[in-house]
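# Report on the structure
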Amino acid sequence: MTTATATALPADWRDFLALTKPRVMTLVVFTGLCGMLAAPVPIHPVLGFTAILCIALGAGAAGALNQWYESDIDARMKRTAKRPLPAGRMDRQSALHFGVGLSCFSLVLMYFAINLAATLILAVSILFYVLVYTVWLKRRTPQNIVIGGAAGAFPPMIGWAAATGDVTLMPVLLFAIIFLWTPPHFWALALFVKTDYEAAGVPMLPVVSGERTTRIQIGLYTIPMIVAAALPWPLGLAGPIYGVVAAALSGIFLAMAVVVAIRRTEPEGDAMVPEKRLFKYSILYLFLVFGALVVDRWFA
Amino acid sequence: MTDDNLDLIRTRQRSRARVMAVLLGAFVVLIFAISIVKIKLGYGG
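The numbers attached to residues start from 1 for each chain and follow its sequence in the written order. All chains are assigned letters beginning with A, and all ligands numbers beginning with 1, in the order in which they are written. The model is predicted, so local features are restricted to residues of pLDDT at least 70 and side-chain atom pairs to those at 80 or more, both for listing and for counting; the totals for chains, interfaces and linings are taken over all residues.

### Quick notes on the overall build of chain A
A run of H or I in DSSP becomes a helix once it reaches four residues, and a run of E becomes a strand once it reaches two; helices and strands are each numbered from the N terminus. Each helix and strand in chain A was counted, giving 15 helices and 0 strands. This radius of gyration counts C-alpha atoms alone. The globule rule is 2.2 Å times how many residues there are, raised to the power 0.38. Over its C-alpha atoms chain A spans a radius of gyration of 20 Å, differing by no more than 12% from the 19 Å that the globule rule assigns to 300 residues. In terms of principal-axis extent, the alpha carbons of chain A reach across some 60 × 50 × 25 Å. Per-residue burial over chain A gives 49% buried out of 300 residues. For the exposure call, what matters is how many other C-beta atoms sit within 10 Å of a residue's own: 20 or more marks it buried, 12 or fewer exposed, and in between partly exposed, using C-beta atoms placed from the backbone.

See the structure below:
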């Protein structure tokens, strides 16, 4: 089937679902939920569910708009070539309408069902991901994911604001953990898909500054991330359950990041095992650190 | 347009319509639940 024939057909609903990047959404929803559950004010389950739904829809909308704008890049990368737009299963206009419609829907629902603070932060996170990261930074600078990482750091703040109606030091710390976690997480990925980014012309750090610099930066960014993850306990914002779990998990993260930082890429046929391991562990790390925060809040 | 393509278009339209119906139904239930909760919590005005 040619692309022209394929795009003349109405897209399947599964393709609209794929536009929302469901796998990325799981982490967004989880951290948003943890931010909400860690808040000192309980929220009614129905309203809590609605707030999490809005976060998920907002994240999905941002993902759809990202795929709408980046379909040319996605087509050149093996990892993303099968997405609905580059594969020709959907036309760009449908993706744009879907993304804009879903954004508006999530914001209106958040405002009427929850509160203004959560709505404003959700709006900022969608705009930041689409305009600042996707449109402005991604194709221009290797610092794209450093600054753009802020977009993915908002969900716990939104969850907290949904429950309390305001933002205090704790949600700012949760934001900081994800913000500082993003560079080592993405650069570990960028090291083993470097050729993909090169082919697509995306100036990721390994492409622009080389693998040596990237490895050092992974090690350097891990240190403030660990500090941010540790702070809630000494500041009295979380208890010892969180403190001990976060310290242990951060120690493992640091050890793995150091291995990646001091390693040299083999000239040929490097399987990038430590880098892949760090990437996978970084996802688990975020789940467990935020999970520990909720356990600490509810069961300590 | 071939018969095969017409069939595919109709199949997709039907499945999209079904998904849309389910989502709209869920939305109505959600709005109803939110309204009840807000009234209970005293946001009823």
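### Considerations on the interface of chain A and chain B
Size of an interface: often given as the accessible area lost when the parts come together. Each side of the interface is counted separately: chain A has 9 residues, and chain B has 13 residues. A per-element tally of the side of chain A that touches chain B places helix α4 (residues 45-69) of chain A first, with 3 residues. Each residue is represented by a C-beta atom placed from its backbone, and any two residues with such atoms within 7 Å are regarded as in contact.

### Observations concerning helix α1 (residues 3-41) of chain B
All names here are of chain B. Under the 1.5 Å per step criterion, the end-to-end length of α1 is 56 Å for 39 residues, consistent within 8% with the ideal 57 Å. For α1, the buried fraction is low: 1 of the 39 residues fall into the buried class. Two residues or fewer after α1 comes Gly42, characterised by a positive phi angle close to 90°. By definition here, a helix of n residues has an expected span of 1.5 Å times n minus one.

### Structural notes on the packing of helix α10 (residues 169-192) of chain A against helix α15 (residues 273-299) of chain A
Residue and element names in this part refer to chain A. Viewed as axis vectors pointing N to C, α10 and α15 meet at an angle of 155°, and their least axial separation amounts to 8 Å. Taken together, α10 and α15 sit at an angle that is classed as roughly antiparallel. In this structure, α10 meets α15 at a crossing whose hand is left-handed. The residues of α15 that touch α10, namely those facing Ile177, Ile178, Trp181, Pro184, His185, Ala188, Leu189, Leu191 and Phe192, are Glu275, Lys276, Leu278, Phe279, Ser282, Leu286 and Val289. Polar here means any residue outside two lists: the nonpolar Ala, Val, Leu, Ile, Met, Phe, Trp, Tyr, Cys and Pro, and the charged Asp, Glu, Lys and Arg; Gly therefore counts as polar. Taken together, the residues that form the contact of α10 with α15 break down as 12 nonpolar, 2 polar and 2 charged. Axis definition: a line fit to C-alpha positions, over the contact stretch in the case of helices; interaxial angles, taken between N-to-C directions, run 0 to 180 degrees. An angle counts as roughly parallel when it lies under 35 degrees, as roughly antiparallel when it exceeds 145, as roughly perpendicular when it falls between 65 and 115, and as oblique in every other case. The handedness criterion is simple: a crossing whose near helix is rotated anticlockwise from the far helix by less than a right angle is left-handed, and one whose near helix is rotated clockwise is right-handed.

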